[in-house]
Amino acid sequence: MHIFFRCDFARRVWFGSTLALQTHLIQDEIFSVVWQKIISGFKQHDFSECKISNFVFHLWAIWKARNAAIFKDQMWTEMQTISFANDYTREFHQAQEAKEMYIPKSPQPRPHLSSHRLGQGARPTDSILIRYDAGTNKDHKFGAIAGIATDANGITLGSFTAIFQFIWDPGILEFLALREVIKWALRMNWTKVSFEGDVIQVSQSVNFENCSKAACWGICQDIWSLQSLLQFSSIGYIKRLQNREAHRLAQRAKALYLQSLC
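If you're wondering where the values come from, they're calculated on a predicted model, not measured in any experiment.

When you go through the chain residue by residue, the secondary structure sums to ten helices and five strands. Residues counted as buried form 42% of the 262 residues belonging to the chain. The contacts of the chain with a sequence gap of at least 6 include a subset with a gap of at least 24, amounting to 69%. Carbon and sulfur atoms form 54% of the exposed surface of the chain, whose accessible area is close to 14700 Å².

Sheet architecture is open: five strands sit in the order S3-S2-S1-S4-S5, paired in mixed fashion. For this open sheet the edge positions go to strand S3 (156-165) and strand S5 (232-237), each flanked by a neighbour on one side alone. Neighbouring strand axes in the sheet, compared pairwise and without regard to direction, differ in orientation by 20° on average. When strand S1 (residues 128-137) meets strand S2 (residues 142-150), the two strands line up antiparallel, connected through nine bridges. Counted as the bridge partner of Ile 130 is Ala 149 from S2.

One pass over the full model with this rule turns up nine salt bridges. The salt bridge involving Asp 87 is made with Arg 90; its shortest N-O contact spans 2.4 Å. Placement of the pair is Asp 87 and Arg 90 together in helix H5 (residues 78-102), with a separation of three residues, close to one helical turn. Given the relative accessible area of 46%, Arg 90 is considered partly exposed. The network of salt bridges with shared partners includes Arg 179, Glu 180, Lys 183 and Asp 222.

Along an α-helix, residues three or four apart share an orientation, since each turn contains 3.6 residues. Taken together, the buried positions of helix H8 (residues 200-207) are occupied by Val 202, Ser 203, Ser 205, Val 206 and Asn 207. Just beyond H8, the residue with positive phi is Glu 209, at close to 55°.

Even without a glycine there, the phi angle at Lys 141 is positive, about 55°. Inspection of the secondary structure puts Lys 141 in the loop between S1 and S2.

So, on to the environment of Asn 207. Within the secondary structure, Asn 207 sits in helix H8. Asn 207 sits in the buried class, given a relative accessible area of 12%. Counting along the chain gives 17 residues from Asn 207 to Trp 224, while the straight-line C-alpha distance between them is 9.2 Å. From its side chain, Asn 207 meets the backbone oxygen of Ile 235 in a polar contact 2.9 Å long.

Below, the discussion takes up the environment of Ala 68. Along the polypeptide, Ala 68 turns up in helix H4 (residues 49-71). With sequence-adjacent residues up to four places away left out, Ala 68 is seen in contact with Asp 73, Gln 74 and Trp 76.

So, about the state of the cysteines. Summed over all chains, the structure comprises zero disulfides. Free cysteine Cys 216: the closest other cysteine sulfur is in Cys 211, separated by 5.3 Å.

Residue position: Thr 161 is located in strand S3. Residue contacts for Thr 161: discarding those within four places in its chain leaves Ile 145, Ala 146, Leu 249 and Ala 253.

With 34 residues, the main nonpolar core has Ile 130, Leu 178, Ile 182, Trp 190, Val 193 and Phe 195 as its most contacted residues. Those elements giving two or more residues to this core turn out to be S1, S2, S3, helix H7 (170-187), strand S4 (192-197), H8 and helix H9 (217-227). Examining the composition of this core, we find that eleven residues originate from one element, H7, more than from any other. The residues touching Leu 178, leaving out its near neighbours within four places in the chain, are Tyr 132, Phe 195, Val 202, Val 206, Ile 223 and Ile 235. The next biggest cluster of nonpolar side chains, apart from the first, holds 18 residues, and it includes Ala 10, Trp 14, Val 34 and Ile 62.

All right, on to the packing of helix H3 (residues 31-44) against H4 then. One can describe the packing of H3 onto H4 by two numbers: an axis separation of 10 Å at closest approach and a directional angle of 145°. Of the two elements, H3 crosses H4, and the hand of that crossing is right-handed. Along the contact surface, H3 presents Phe 31, Trp 35, Ile 38, Ile 39 and Phe 42, while H4 presents Lys 51, Ile 52, Phe 55, Val 56 and Leu 59. Here the residues of the contact of H3 with H4 sort into nine nonpolar, no polar and one charged.

Calculation notes
Residues numbered from 1 in each chain as written. Predicted model: local features only at pLDDT ≥ 70, side-chain atom pairs only at ≥ 80, totals over all residues. Heavy atoms only, no water. Helix = DSSP H or I, 4+ residues; strand = E, 2+ residues; numbered from the N terminus. Buried < 20%, exposed > 50% of the residue type's maximum accessible area, 1.4 Å probe, protein only. Contact = heavy atoms within 4.5 Å. Areas by Shrake-Rupley, 256 points an atom, 1.4 Å probe, with all protein chains shown as cover. Pairing = 2+ DSSP bridges. Axes fitted to C-alpha atoms, helices over the stretch in contact; angles between N-to-C directions. Salt bridge = Lys/Arg side-chain N within 4 Å of Asp/Glu carboxyl O. Polar contact = N/O pair within 3.5 Å; in protein donor to acceptor, adjacent residues only side chain to side chain. Disulfide = S-S within 2.5 Å. Core = buried A, V, L, I, M, F, W, Y, C linked by side-chain atoms within 4.5 Å. Left-handed = near helix turned anticlockwise from the far one by under 90°. Nonpolar A, V, L, I, M, F, W, Y, C, P; charged D, E, K, R; others polar.

Following this line, the structure appears as structure tokens:
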């Protein structure tokens, strides 16, 4: 109880969060009782599933901050802890929305990748090209991803960036970049899309259904499911020089995020 609600750090986190819990009013010593009272309070005032999940992720964030201080000698600020909880809340609900949108109601076997998805067939003249990239910052423990879409005439249709806090593994981020630009394409109602990145392991893993990185297996599953919703898709590899625009966009997203931390 002390770690989550009574220590000064936890109290500042709760007060600074959108939940604005006044934990100094909590008198009970049993966690389950405190849980029931807080959830009941949520249900009486502007109840939403998002608020409950945000509460849970704040608990986890406080625990992570505690472990970072004890085992890694890393001191999280209150705002870092709140941002951690909010980012995971947002990602959790995005995943739930994607699951409802993309996953069939009854289990169905994933169709085998056909030639037009492997990129072996001719690319449609009306298809979109999205080039993607990722950048990491180990010191601040985050990663940035970016994608740029162009039409058959090379005209830029739009760009996309996203930040993943506490993920700075380049391999994982490249897979995440591909997954997120596919989701972006679906949101834009682009049904014929070729995706190109400069990490060959990503295209090989996706195209041959053999994920090269165990930590990315779940991401690969997402990619395959999302691909099945496109009328045409191909996953290709290009050299870094050809991918410089997406690379610059990812680096700019990193720089802007670093500025926001100052």
